[in-house]
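# Topology and contacts: notes
What follows is each chain in one-letter form.
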Amino acid sequence: MGKTILIKNGTVVTATDKYQADILIEEEKIKTIGKSLDYPTDRIIDAKDKYIFPGGIDPHTHMELPFMGTFASDTFETGTLAGLYGGTTTIIDFAIQSQGESLRKALDLWHKKADGNAVCDYAFHMGVTDFNKNTKAEIKNICLQDGITSFKVFMAYKGALMVDDRQIIGLMKESRKYGALVISHCENGDMVDELVSEAKSNGNLSPRYHYLTRPEIAETEATGRIIDMAYQGNHPLYIVHLTCEGALNRVREATKRNQKVNVETCIQYLLLDESLYESPGFEGSKWIMSPPLRKEKDRIALWEGIKQGLVHTVATDHCPFCMNQKEMGKNDFSKIPNGIPGIENRMELLFSEGVLKGKISLNKFVELTSTAAAKIFGIFPKKGTIAPGSDADIVIFDPNIKHIISSKTHHQNCDYSAYEGWSVTGKTNTVILRGNIVIENGKASVQKGYGKYIARAPYNTELTEERIKQPVHA
Ligand code: URP
Ligand code: ZN
Ligand code: ZN
């Protein structure tokens, strides 16, 4: 028998069950789950009065993203460590092609940043910013050899990342051959671009104009458009960071013709709103992201969308910039780098604001933070659940600890918190990643580079049973 850990007396919570049990971990895997297990092991952890969740999966992060003339301030090392502190044991980051360059070049670059540095496990989506005959020819190997089975398009960021509809359709057709998902940032980039030019020519340059120039209709239109493109060709689709009622209604309408659309929202869109853009001076820049925060009615629609099964994952879109970086847009909102920090707070906030306030059940919490992402992105049941044979990625969570979120105490490499001063109940106590204790009683003990690259299986719901019989291994 290899290295063993026994977790005793905890309450195990998965996306479907909640029960008292002990968990035996051997090497990297969960070996046995049962009542009153009694084995001689290397370590025993008492989890009395604590929940045992599967390690969180954040399917949307941007570590060290080169963007808008600067780089997201968390490296793979700092950002994934912050993730572990908050109970996230796997991230899916975006390797983004530069226009005119190959997908392979982007992927090599992202591996260079992550390999040997990340402390939690990681996979990649591929961001396609230039779909042409060369890119098309790369899709097969990226899927089948590299295990990257989701390709992202940006319908916004005109002149930088945005692609046109013809490219999206071409990418959908090619991806589908290999069971890959197209995933999409939905905003009408031309509409936004026109509104930004108009605001600037009228001398409207403060942070609030970021919000005013990216209206709900721009997201609703683009969401409906890509859903229609996917429907026309019978292609699978995942929408990232959906923020608003209008876009959600396009998803809802698609269900009436039996179209399944996978939807992600982010914790900030559930908890924060556009009133923050009225903060004094340049303060509103802290929440400049795309799409922007929305209105109260949109937050309500998203919580309801979760209950209705229309929203499947809660991510972060973690893409932090320090205040001196935000200040690049001091005199022009369109130059403020887009993105906010959040990886460390996602699970604790969703637990405190969602579970404890009666908006979602404990099982739903696990589904939203871990299981659904694992299933959609082809790493289930290796990740995303607590079951014999799965990776021993485990969060021991104390539901009673109250704490205050602050940039003074967080581990994200960002000099502000989007949730400064929020009082939260429930805290990650101990985290195990592939059988190693990486956070114990709130303190990290993990070697730089411990995180492992995870190759993913194709998106194909028909294959789910096969995957259960034959776990996906990197
Ligand atoms: O503002 C955001 N969301 N920044 C990161 C890039 C993206 O659009 O996901
Ligand atoms: Zn985006
Ligand atoms: Zn993003």
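This write-up is about the structure you can find in this document. (Residues numbered from 1 in each chain as written. Chains lettered and ligands numbered in written order. Predicted model: local features only at pLDDT ≥ 70, side-chain atom pairs only at ≥ 80, totals over all residues. Heavy atoms only, no water.)

### A short note on the coordination of the zinc ion (ligand 2)
Taken together, H185 (ND1) and H241 (NE2) make up the full set of protein donors to the zinc ion (ligand 2), lying 2.1 Å away. Note that the zinc ion (ligand 2) binds 4 donor atoms; their angles at the metal cover 56 to 148 degrees, and the shape is irregular. Between the zinc ion (ligand 2) and the zinc ion (ligand 3) the interatomic distance amounts to 3.7 Å. Taken together, the residues span a long stretch of sequence, with H185 in strand β12 (residues 181-185) and H241 in the loop between β13 (237-239) and α8 (245-255) at a distance of 56 residues. (Donors = N, O, S within 2.8 Å, 3.2 Å for Na, K, Ca; no water. Tetrahedral: all angles 85-135°; square planar, octahedral: opposite > 155°, others 65-115°. Helix = DSSP H or I, 4+ residues; strand = E, 2+ residues; numbered from the N terminus.)

### Some thoughts on helix α3 (residues 133-144)
The complete set of buried residues in α3 reads T135, E138, I139, I142 and C143. Buried residues along α3 cover an arc of 130 degrees about the axis, so they all sit on one side. Residues of α3 that are exposed and point over 90 degrees away from its buried face: K133, N134, A137 and L144. For α3, the side-chain oxygen to backbone nitrogen distance between the N-cap and N134 is 2.9 Å, and the N-cap itself is N132. (Buried < 20%, exposed > 50% of the residue type's maximum accessible area, 1.4 Å probe, protein only. Arc of directions from axis to C-beta. Polar contact = N/O pair within 3.5 Å; in protein donor to acceptor, adjacent residues only side chain to side chain.)

### Digging into the site of ligand 1
Around ligand 1, 13 residues are found, and the nearest of them are Y157, H185, S290, D317 and N338. In the model, a nitrogen atom of ligand 1 is placed 2.6 Å from a nitrogen or oxygen of the D317 side chain. When ligand 1 is considered free in solution it has 260 Å² of accessible area, and contact with the protein chains removes 99% of it. Taken together, the residues that form the shell around ligand 1 break down as 4 nonpolar, 7 polar and 2 charged. (Near = heavy atom within 4 Å. Areas by Shrake-Rupley, 256 points an atom, 1.4 Å probe, with all protein chains shown as cover. Nonpolar A, V, L, I, M, F, W, Y, C, P; charged D, E, K, R; others polar.)

### Side note on the pairing of strand β11 (residues 150-154)
Burial of β11 is extensive: 5 of the 5 residues sit out of reach of the surface. Judged from the 2 bridges that link them, strand β10 (residues 121-127) and β11 form a sheet pairing that is parallel. Bridge pairing in β11 links G127 to K152. Handedness of the β-α-β unit built from β10, α3 and β11 comes out right-handed. With 5 bridges joining them, β11 and β12 adopt parallel strand pairing. The residue bridging S150 from the neighbouring strand is L181, located in β12. (Pairing = 2+ DSSP bridges. Right-handed = clockwise from strand over helix to strand, strands pointing away.)

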